[in-house]
Structure formats: C-alpha cells, structure tokens
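These are the residues of each chain, in order.
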Amino acid sequence: MRSPLDLPAGKGISRRSFFRFAAGASTLATLPILTEAHLAWAGQIEFADSNKGIHIDANENPLGPSEAARKAIMDIIPSGGRYKLDLSRDVAATFAGIEGLNPEFVMAFPGSSAPLHFTVFAFTDAHRPLVIADPGYEAPIWAAQAAGSPVIKVPLADPRGAATHDVKAMVAASTNPGVIYICNPNNPTGTTTNRADIEFAVANAPKGTILLIDEAYIHLSDVTPSLDFVKQGKDVIVLRTFSKLYGMAGLRMGFAIARPDLLKKMGSFGGFNAPPITALAAAKASLLDKDLVPNRKKHIGEIRNETLAWLTSVGYATTPSESNCFMLDVKRPGKEVIAAMAAKEVHIGRIWPVWPTQVRITVGAKDEMLAFRKAFQEVMSGSTAGLANPTLARLDEPVFTQLSSRVGA
Ligand code: PLP
C-alpha cells in the first residue's frame, strides 16, 4: 500500500503535476485524494475562468473574508518572513475560549481537508471500514481508498423528504468500523442530523470507533453543534473550516477538535500542518467579530430560502437545506442540465451517481442566483436536442480521465 504520507494532494504541487500524477494512477492505492475544490473543477465542462460567468459549483462564499479579516491580513503581511508557530496556538486558544474548550483539544490546520483525510488514515484500515452517508461528501471516500480501507455507503433516510443521515443504519452497518463520518449539515443536500441521532451514534458506535462529525457548514444552520461530546472525552473528532461562512476557502484555515490523544494520532500525518499566518490572522479577526456569524447566516439563509421557494413555485423539488447548498431534481439526467447551464456560463455543481437526476446548487450572491434562475428557466423550457455535444460526453468519463485530459497531461 502506498503510504498516505506520499500522497501529493494539497501539498503545494502544481496543477499540472497533480494531473500528471492522476493520469498515471492505475490502482486505487495510487490515487490522490480529491476534495471539494478538485471535484467541482472536474465537474466543469471545460475549465472555466473563475473570473468569468457564475460559479455556484463549489460551495464557496462569494462574500469572501470579512472587513476585519482583510485588515488583519494586511497588517500581518510584513511578518510573512516568520513561521510564527505561536500564532497557531493563539488562534486555537481564542476558539477554545469562545467555545469553553480546553485549548489542548483544538488543533489548527490549513482548512479542514487535511484533518479529514488524516482521520481516515489514522483510524481506518483494511479491516476497519469507513461508514458514510450516500449522497455525502466524497473526500473521505477518496482518503479511504488511498489507505486501502473498505467504504460502506449508507443511503440517506427519506430521500424524497428530510434526506437525513440514517444514523441507526450507519451504526449497524459494520461490527468494527474505523470511522463513522457524519457531515452536519450534509454536503451535498444541506440537510441536518438532529441531536438525538448524534447522541445515539455516540452512545452506540462500537468501542474504539471514531465518530467524525464534519461541521463545515454548521454556522449556516440551526443544528446543535457536537463540541460537547469532545468536552466529555468521547471518541469524537469535530471538524470546522473557515472556507464556508467565513469566506476564506482560498486562504486555508480550519480546526480539528478532539481529545489530545486522538489529535496526536491523527495529526502525525502530513508533517508541517500549520496554516499560513495570513489565514491565522484573518481567522482570529473573524472569531472576535460577534456579528459576523449571525449576519452572514441571515444573509445567505434569505437568498437560499428565496431560491428554494422560487424553484418550488416553478415545479422543481429540492432538498430542505439549512446550508449554502442543496440538491435540485431536474427530472432528467443532471449532466445534461450541467452542460446546458455551463453553455450559458452558469456553472452549477455535480451530480452524485446515486441520484442521477439531481444537481447540487451552491447559494451564491443575490444577483448570481437571479442569473441562475434565468438560465435555469431557459434551459428547462428549451429542447435538450443539441445538448449531445462532445463536452457532454466528457461528463461520463471517470474523474481522473477528465482531469488529466483537460490539462493535456
Ligand atoms: N468538509 C466538507 C463537508 C466540505 O464540503 C468541504 C469543502 O467543501 C471540506 C470539508 C473541506 O474544506 P476546506 O479544506 O476548504 O476546509
């Protein structure tokens, strides 16, 4: 098996060398790990210029960093020649203070992707599978495949209604799971898992199993966070990121929150994991701004709810999202609609194989969602004839073929 430490994803390699690596991969054990950014990119018909058109395909936040975060970045730039490792501890302690946690239970990372992958590496193996909801965020699956660990996908319960994690089925899915991954709210559906279900998982997961609770989108919802299970010393790892509500996807900042022994085991992968000091400074300023979360939650929630209400009014079903993304049933192969929307320079999210007629929509800025509505109405009222073009066929290619061929690797 290839050592997880050899994996190139996210380690600062060039786009071209990443795709070269992907193109050369021939077995699961040599696959890199694909994250939201990679998968959104692969889902585009052509590599779209991020400065052109509407991009509602990667669950990003068009608001970007807050004003206070931008100022903090400017102020710290002159110190960019220093590692400033103390800053990681300082920001972790700031977060711990706000959440009433022991600072030893918080570790800063450049985004939450790294601790997500490392948790899978550390706690799954050939005999200890990853258990994950379907449709769910794919990155843990890529990590498990790279580590040679089996993956058990458990369909969401009530897919036409609440579309929530079937936690009882997930806990029952294996007698010896390494990691049970719960994304709350879920990517791609934006749906939440309630407190009682999480309590059930904590109480009933087999001994030694890690419950990995990914709270990337928690600030956008009303769901109860799971940090108290960490405080109680349970086998729970919670992940937080600044890529979503805080608008810092390109700056790279996140936390893993867990018992120190779990952080130590997980954090030993990947070498130097400290975030850039610009991201740390921006994160601290964001955490100290008490109005930021409620204001942005309200702002994004209003745009989401207007969009969901409009889609319902024109006859399309969506998942009941509490997040910045939702699944939209287009009642025909989703890939056709993705291609037709891209032709209008509106880049929407991918499908999940288990739900081939549904596409993921990210909640963008108000004007972006109005442009989405216009393009969507045109696409859905038009004929699908003419959509069978060469670029559409590419959406059926395996993701690595798409990625590598598009950069000529
Ligand atoms: N977890 C979930 C559920 C996500 O959707 C994403 C990105 O979209 C991530 C983790 C990783 O985000 P980042 O590495 O930018 O923190």
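The following refers to the structure shown. (Residues numbered from 1 in each chain as written. Predicted model: local features only at pLDDT ≥ 70, side-chain atom pairs only at ≥ 80, totals over all residues. Heavy atoms only, no water.)

### Observations regarding the overall build of the protein
In plain terms, the rule: Helix numbers and strand numbers start at the N terminus; a helix is a DSSP run of H or I with at least 4 residues, a strand a run of E with at least 2. Residue exposure (1.4 Å probe, protein chains only): buried if accessible area is under 20% of the type maximum, exposed if over 50%, otherwise partly exposed. We call two residues contacting when some pair of their heavy atoms lies within 4.5 Å. Accessible areas in this description were obtained via Shrake-Rupley with a 1.4 Å probe; residue shielding takes into account the shown protein chains only.
Across its full length, the protein carries 16 helices and 11 strands. By the burial criterion, 57% of the 409 residues in the protein qualify as buried. Residue pairs in contact within the protein that sit at least 24 positions apart in sequence constitute 73% of those at least 6 positions apart. Total accessible area computed for the protein in this model is approximately 16800 Å², and 55% of it derives from carbon and sulfur atoms.

### Some thoughts on the sheet that holds strand β2 (residues 106-109)
Worth spelling out the cut-off: When DSSP finds two or more bridges between two strands, those strands count as paired. Axis angles are defined between N-to-C directions and span 0 to 180 degrees, where every axis is a line fitted to C-alpha atoms and, for a helix, only to the segment in contact.
Pairing is mixed across the open sheet formed by seven strands, whose spatial order is β2-β8-β7-β6-β5-β3-β4. The two strands at the open ends of the sheet, each matched to only one other strand, are β2 and β4 (151-155). With direction set aside, neighbouring strand axes in the sheet form an average angle of 25°. Examined bridge by bridge, strand β5 (residues 179-183) and strand β6 (residues 210-214) share five bridges and lie parallel to one another.

### Re helix α8 (residues 195-204)
Note the cut-off: The directions from the helix axis to the C-beta atoms are what the arc is built from.
Along α8, the residues that are buried comprise Asp-197, Ile-198, Ala-201 and Val-202. For α8, the angular spread of buried residues about the axis comes to 140°, placing them on one side. Along its buried surface, α8 packs onto α7 (167-172), β5, β6, α9 (227-231) and β7 (236-241).

### Description of the site of the ligand
To keep things clear, this is the line we draw: Nearness is judged by heavy atoms alone; a residue qualifies as near a molecule or strand once a single heavy atom is within 4 Å of it. Here a polar contact means two N or O atoms within 3.5 Å. Within protein one must be a hydrogen donor candidate and the other an acceptor candidate, and residues neighboring in sequence count only if both atoms are side-chain atoms. Amino acids outside the nonpolar list (Ala, Val, Leu, Ile, Met, Phe, Trp, Tyr, Cys, Pro) and the charged list (Asp, Glu, Lys, Arg) are all regarded as polar, and Gly is one of them.
Taken together, 15 residues form the shell around the ligand, and within it Ser-113, Asp-214, Tyr-217, Thr-241 and Ser-243 come nearest. In this structure, a nitrogen atom belonging to the ligand sits 2.6 Å away from a side-chain N or O atom of Asp-214. Its residues assigned to classes, the shell around the ligand comprises five nonpolar, six polar and four charged.

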